[in-house]
Amino acid sequence: MAEMEFTTAELVEAHAQVWNLSFGYLKSMCLKCSLELGIADVLKKHGKPMELSELTSALSVPPSKFEPFDRFMTTLVHLELFAKKQDDSGAKKYMLTPASHLLLKDEAMSITPLITLLLDPTMCDSSNVLGPWFKSPYKGNPFEFYFGKGIWDVAGEKPQFNKMFNEGMASDSKFVCNVVMTSCRDVFKGLKSVVDVGGGTGIMARSIAHAFPGIKCTVFDLPHVIDTMEDQQPGVAYVGGDMFASVPHANAVLLKWILHDWNNEECVKILQRCKEAIPPRADGGKIIIIDMVIGAVTNKHVCAEETQLLCDLLVMSLYSGKERNEREWHNIFLSAGFTDYKITHFLGIRSIIELYP
Ligand SMILES: C[S@@+](CC[C@H](N)C(=O)[O-])C[C@H]1O[C@@H](n2cnc3c(N)ncnc32)[C@H](O)[C@@H]1O
Ligand SMILES: COc1c(-c2ccc(O)c(O)c2)oc2cc(O)cc(O)c2c1=O
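Residues numbered from 1 in each chain as written. Chains lettered and ligands numbered in written order. Predicted model: local features only at pLDDT ≥ 70, side-chain atom pairs only at ≥ 80, totals over all residues. Heavy atoms only, no water.

Draft legend 1. Quick peek at helix H3 (residues 39-46). Of the positions making up H3, those classed as buried are Ile39, Ala40, Val42 and Leu43. Looking down the long axis of H3, one finds its buried residues gathered within 165° of arc, a one-sided arrangement. Gly47, located one to two residues past H3, shows a positive phi value of around 80°. (Buried < 20%, exposed > 50% of the residue type's maximum accessible area, 1.4 Å probe, protein only. Helix = DSSP H or I, 4+ residues; strand = E, 2+ residues; numbered from the N terminus. Arc of directions from axis to C-beta.)

Next up, the structure:
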């Protein structure tokens, strides 16, 4: 008989670990349920810590659900989505945490639309077929394996999904703009024009145009994204097209959450088209990339590195994309003909890369 490789204590520990992993989906469902119920908004509206009975009343939870709701809130507090404190009279009261602040519907930095998108079946379902996908000789990504077509085709065909996708991305852009305009404004200082390639509904471009009225901003995206835009802001130009064919000319090209959607060869092609669109470095030409650098995180919060790895699986499943470490970025930049770059780790798990021709 083979020797036992692990102690019983190690296996008992591992048992709890595997259980925890198998319940991972329940964390996502807790998040989804808090959004559906609007718990954060009710707490915000109340303006002070809330007792469970006040919360159930404001949320219209019927008495038959008081006990399960109490247990649900206990888990949400453990997950730090909400906080609970005991007041002087001994009553337990619930409050917002920084995480639940991001889930408020009408806050500038709300990422509720992005979370709603991520938890939508169209985004999640293909992660259920990773096993069959790994074993099959199929060349496309898991999303294509599951739906028979790519995510951009689905967005082009289904206006509802296109809207949800663009709103999700726009909410992230609002969040990122807030951080960029306070902590790394200098990235845009001195530029005369910027084209946001794959710029979606134009939140980044509008925010840059607002913060730097001297910069002429263009949003460039697929025609189905540009054509469905209802409020095209004056002062910002909107152009539909394909970044693999050509990119509108500007001083600088912004690529936010674009390159992680594509494989190395595709990234080189996109960057070559972007390089053709900008002037030499001496004349102010540069590419501004907002994406992840694997291994680089500004805050060592509990799960920053794990989140980066999970993001890598997300972009692998949805797009054949990849989150990259600095060495991998470096190789792509060199292959696309760029000579120098500067990385600023500014946004938790994401970075700004200024890339020079
Ligand atoms: C992940 S989203 C990022 C959107 C935006 N930059 C942001 O961060 O909120 C990728 C964007 O690339 C656009 N896109 C995909 N393929 C493209 C192509 N061939 N040419 C131009 N844009 C494209 C999509 O329509 C989508 O808006
Ligand atoms: C991996 O990027 C992250 C996304 C994302 C989702 C869908 C896309 O098409 C993307 O291009 C990116 O979404 C989230 C959402 C979060 O709440 C946290 C994250 O870290 C991310 C991503 O990193």
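Draft legend 2. The side chain of Ser110, seen in detail. In this fold, Ser110 is placed in the loop between helix H6 (98-101) and helix H7 (112-118). Within the structure, Ser110 has its side chain in polar contact with the backbone oxygen of Leu104 (distance 2.6 Å). Polar side-chain contacts of Ser110 include one of 3.2 Å to the backbone nitrogen of Thr112. Those residues in contact with Ser110 that sit more than four places away from it in its chain are Leu102, Leu103, Leu104, Lys105 and Ser171. (Polar contact = N/O pair within 3.5 Å; in protein donor to acceptor, adjacent residues only side chain to side chain. Contact = heavy atoms within 4.5 Å.)

Draft legend 3. Structural context of the site of ligand 2. Near ligand 2 you find 16 residues, and of these Leu118, Trp257, His260, Cys311 and Tyr319 are the closest. With respect to ligand 2, the side chain of His260 contributes an N or O atom lying 2.7 Å from an oxygen atom. Within the residue set of the shell around ligand 2, elements represented by two or more residues are H7, helix H12 (159-183) and helix H16 (304-319). It is H16 that provides the largest number of residues to the shell around ligand 2, a total of four residues. When the residues that make up the shell around ligand 2 are grouped by side-chain class, the tally is 13 nonpolar, one polar and two charged. (Near = heavy atom within 4 Å. Nonpolar A, V, L, I, M, F, W, Y, C, P; charged D, E, K, R; others polar.)

Draft legend 4. Geometry of the sheet that holds strand S6 (residues 236-240). Within the open sheet, the seven strands sit side by side as S6-S5-S4-S7-S8-S10-S9. Their pairing is mixed. A strand with exactly one partner marks an edge of an open sheet, and here the two such strands are S6 and strand S9 (340-347). Direction aside, the axes of adjacent strands within the sheet are offset by 20° on average. Strand direction decides the pairing type here: strand S4 (residues 193-197) and strand S7 (residues 252-256), joined by three bridges, are parallel. Looking at S7, one finds that Val195 is bridged to Val253. (Pairing = 2+ DSSP bridges. Axes fitted to C-alpha atoms, helices over the stretch in contact; angles between N-to-C directions.)

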